[in-house]
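Structural features, examined
Next come the chains, spelled out residue by residue.
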Amino acid sequence: MNDARTPSTPRTPRTPGAARAGVVYLVGAGPGDPGLLTVRASELLASAEVVLHDELVHPALLDAVGSDAEVRHVGKRGHDRVAKDAKQAEIDAELVALARAGRSVVRLKGGDPFLFGRGSEEAEALARAGLPFEIVPGVCSPLGAAAYAGISLTHRDLASSVTMVSALSRAGAAYDWSELASVRGTICVLMGMHAIDTVVAGLLGPGRCAPDAPVAVIQWGTRAAQRVVTGTLAEIAGLVRAAGLGSPGLIVVGRVVSLRETLRWFDARPLFGKRVLVTRPKRQAGSTSRLVRLRGGEAVELPTIVIGPSPDPARMAAAAEAVGKYDLVAFTSDNGVDRFFAELGRLGGDARAFRDARVAAIGTGTAAALAARGVRADIVPGAFVGEALAQAILEDPVLAAKREAWRAQEAERVQGGERAQEAERAAPVRVLIPRALLAREVLPERLREAGCEVDVVPVYETFPAPVEQREALLRALEAREIDVVLLTSSSTATSLCDLLGARAVALLAPVLVASIGPVTTASAEKRGLTVGVTATVSTVAGLIEAVERHLAAALPD
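Residues numbered from 1 in each chain as written. Predicted model: local features only at pLDDT ≥ 70, side-chain atom pairs only at ≥ 80, totals over all residues. Heavy atoms only, no water.

Quick notes on the overall build of the protein
- Broken down by element type, the protein carries 19 helices and 20 strands.
- For the protein, the spread of C-alpha atoms along the principal axes amounts to about 110 × 60 × 50 Å.
- The proportion of buried residues among the 557 residues of the protein is 51%.
- Excluding contacts between residues fewer than 6 apart, the proportion of contacts in the protein whose partners are at least 24 apart in sequence is 68%.
- Here the protein contributes 63 positive and 63 negative side-chain charges, whose respective centroids are spaced 2 Å apart. (Helix = DSSP H or I, 4+ residues; strand = E, 2+ residues; numbered from the N terminus. Buried < 20%, exposed > 50% of the residue type's maximum accessible area, 1.4 Å probe, protein only. Contact = heavy atoms within 4.5 Å. Lys, Arg positive; Asp, Glu negative; His and termini not counted. Charge placed at Lys NZ, Arg CZ, Asp CG, Glu CD.)

Here it is in structure tokens:
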């Protein structure tokens, strides 16, 4: 199944590590958490022309794929061995055809391509065809899932070996459990969830495991959906059924399972398993989602606003051309930074165009966006709101000196009886504010009151999310699939309420609504929402940390 991305003409690698034409890369995607992808895998995903991925690959990994790459889902699930074998033959043939056509190809496989996957079969098909390939190992699911469940597969006092087995053979026959009769270390069973009773019977019988052997079953290991059930080997099948666990799952047998209560860390986090609605525009949602995942949450990306181009491109171009003539350029969002620098780049300019202009950023996130483009913010207020930014600008000693010099010159002219139109005047402090078309006016108003000459230039415009986004949001809230909503600006709060209409208050009542700061909270409360968390540090990281503290306080002692 193809996605919206389309094939491109073959590209010449721009960097030494980029995917090469005519080569197939069998890449391990890791056990689930996108953060466990290897550096080598990341650079290949970013440079390959074609990516064929399995079903269990985390969707966020595909964000790393180049924008002009062709992406196909070639996953195989179910218990029909004949159908799965036929599908695998198709994949083998497709890899050969793509390589022969001179395409650079990433075959992205869950876990490690050579551990109970069919990576070796695919490599053999390429070798028979005389085509080059590269193997990129991945964190395998037994290692990743066990670690995220707080289970060390080996331990000097408990286990000095690990045995990994597949519950099924190539032909679908059960594993010969008698091979484990002499094993005294940890046993990991993969692909055994659909027949866990058979697995248990094999371990107790031919495998000669003790009925009271500790067992852990880990479903969706390393993801926010991870679930873990522990018990003895004799009782584990019943416990798994009672808990409703299914595939994909890992069965871990051995004394090391007893370490879980001491070593568990991932699913002990306050945000673990919480489904967090990320309302930011698509371009910004990825970084926010990553912060959520790093804390064990599951990010649900449904942007409530769309960022559009400047409604006045000629004025934006003129501002970019003249940026070095301003005394101060004040950025109130990283969207403003992105759009302004895109225009500056279109005109052939870069950070040098600012010359001696002072630069202000409303917060550390905006300052970081500037730093990424080679500009250090001279002014960043302690509180990330327009009022604080205006005050910080007015207190800046360099700009204050310019304003005082201008006032002194004006006073001297008045005392000397000079008419302004006949005298050479010193310009007041000139300020450029590249921002959204609609925004709070507190910053320009206060600067004008202080005698500054302010140009507010709209470099982007926000629009409500499309209707299909509204339907997806309604379904998620109606099904109680959202635990936390992150409001990262007044515009996202307002747009969220507009999308939900008259049902906004009722649908969001069971949800923890978290705001990035007091201004956003005021906007949400004005629409009738109950805000449970307001960040004291108005950054996305500060917002997520505030949510964590709130959830931690609600946990039982």
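Regarding the packing of aromatic side chains
- With the rule as written, the count across this model stands at 11 aromatic pairs.
- Ring plane angle 65° and centroid distance 6.2 Å describe the contact between Phe 340 and Phe 354, whose orientation is recorded as edge-to-face. Placement of the pair is Phe 340 in helix H10 (residues 334-346) and Phe 354 in the loop between H10 and strand E15 (358-361), with a sequence separation of 14 residues. Side by side, Phe 340 and Phe 354 carry an identical accessibility label, which is buried.
- Clustering of aromatic rings is evident, with ring pairs tying together Tyr 148, Trp 265, Phe 266 and Phe 272. (Phe/Tyr/Trp six-rings, centres within 6.5 Å; stacked < 30°, edge-to-face > 60°.)

A word on the nonpolar core
- Counting 28 residues, the largest nonpolar core has Val 329, Phe 331, Phe 340, Phe 341, Phe 354, Leu 370 and Leu 432 as its most contacted members.
- When residues of this core are traced back to their parent elements, those giving at least two are strand E13 (305-308), helix H9 (313-321), strand E14 (328-331), H10, E15, helix H11 (364-371), strand E16 (430-436) and strand E17 (453-464).
- The biggest single contributor to this core is H10, with 4 residues.
- Setting aside chain neighbours within four positions, we find Val 329 in contact with Val 323, Phe 354, Ala 357, Arg 358, Val 359, Ala 360, Leu 432 and Pro 434. (Core = buried A, V, L, I, M, F, W, Y, C linked by side-chain atoms within 4.5 Å.)

Things to note about the pattern of salt bridges
- Applying the stated criterion across every chain yields a total of 31 salt bridges.
- We note a salt bridge from Arg 107 to Asp 54, for which the minimum N-O separation is 2.9 Å. Of this pair, Arg 107 sits in strand E4 (residues 105-109) while Asp 54 sits in the loop between strand E2 (50-53) and strand E3 (70-73), and the two are 53 residues apart along the sequence. Accessibility classification places Arg 107 together with Asp 54 in one group, the buried group.
- Close ionic contact of Asp 197 with Arg 241 constitutes a salt bridge, the shortest N to O distance being 2.7 Å. Linking Asp 197 in helix H5 (residues 196-204) with Arg 241 in helix H6 (residues 236-243), this pair joins segments that are 44 residues apart in sequence.
- Here the salt bridges do not stand alone but share partners, grouping Glu 49, Glu 70, Arg 72, Glu 94 and Arg 103 into one network. (Salt bridge = Lys/Arg side-chain N within 4 Å of Asp/Glu carboxyl O.)

Describing the environment of Met 164
- Residue placement: Met 164 occurs in strand E6 (residues 162-166).
- Taking the C-alpha atoms as reference points, Met 164 and Val 252, separated by 88 residues in sequence, lie 9.4 Å from one another.
- Those residues in contact with Met 164 that sit more than four places away from it in its chain are Leu 115, Phe 116, Cys 140, Pro 142, Leu 143 and Cys 188.

A word on the packing of H10 against H11
- Running from N to C, H10 and H11 cross one another at 20°; their axes reach a closest spacing of 8 Å. Relative to H11, the element H10 is oriented roughly parallel. The two elements H10 and H11 meet at a crossing, and its hand is right-handed. Judged by residue contacts, Asp 334, Val 337 and Phe 341 of H10 engage Thr 366, Ala 369 and Leu 370 from H11.
- A per-class count over the contact of H10 with H11 returns 4 nonpolar, 1 polar and 1 charged. (Axes fitted to C-alpha atoms, helices over the stretch in contact; angles between N-to-C directions. Parallel < 35°, antiparallel > 145°, perpendicular 65-115°, else oblique. Left-handed = near helix turned anticlockwise from the far one by under 90°. Nonpolar A, V, L, I, M, F, W, Y, C, P; charged D, E, K, R; others polar.)

Focus on unusual backbone geometry
- The residue after Ser 247, namely Pro 248, is reached through a cis peptide bond having omega -5°.
- Among the structural elements, Pro 248 can be located in the loop between H6 and strand E10 (249-253).
- In this structure, Thr 222 is a non-glycine residue whose phi angle is positive, near 75°.
- Note that Thr 222 resides in the loop between strand E8 (214-219) and strand E9 (227-232).
- In this structure Thr 222 comes out as buried when scored by relative accessible area, which is 2%.
- In this model, Arg 480 sits at a positive phi of 55°, which is unusual for a non-glycine residue.
- Judged by its relative accessible area of 56%, Arg 480 falls in the exposed class.

Considerations on the state of the cysteines
- Counting across every chain of the model gives 0 disulfides.
- Free of any disulfide, Cys 188 has its nearest neighbouring cysteine sulfur in Cys 140, separated by 8.3 Å.
- You can call Cys 188 buried: its relative accessible area is 0%. (Disulfide = S-S within 2.5 Å.)

Here's the deal with the packing of H5 against H6
- Their axes nearest at 9 Å, the elements H5 and H6 cross at an angle of 165°. The orientation of H5 with respect to H6, classified from their angle, is roughly antiparallel. Viewed along their axes, H5 and H6 form a crossing whose handedness is right-handed. For the pair formed by H5 and H6, the contact residues are Ile 196, Asp 197 and Val 200 on the first element and Ile 236, Ala 237, Val 240 and Arg 241 on the second.

Any functional reading would require information beyond the geometric quantities listed.
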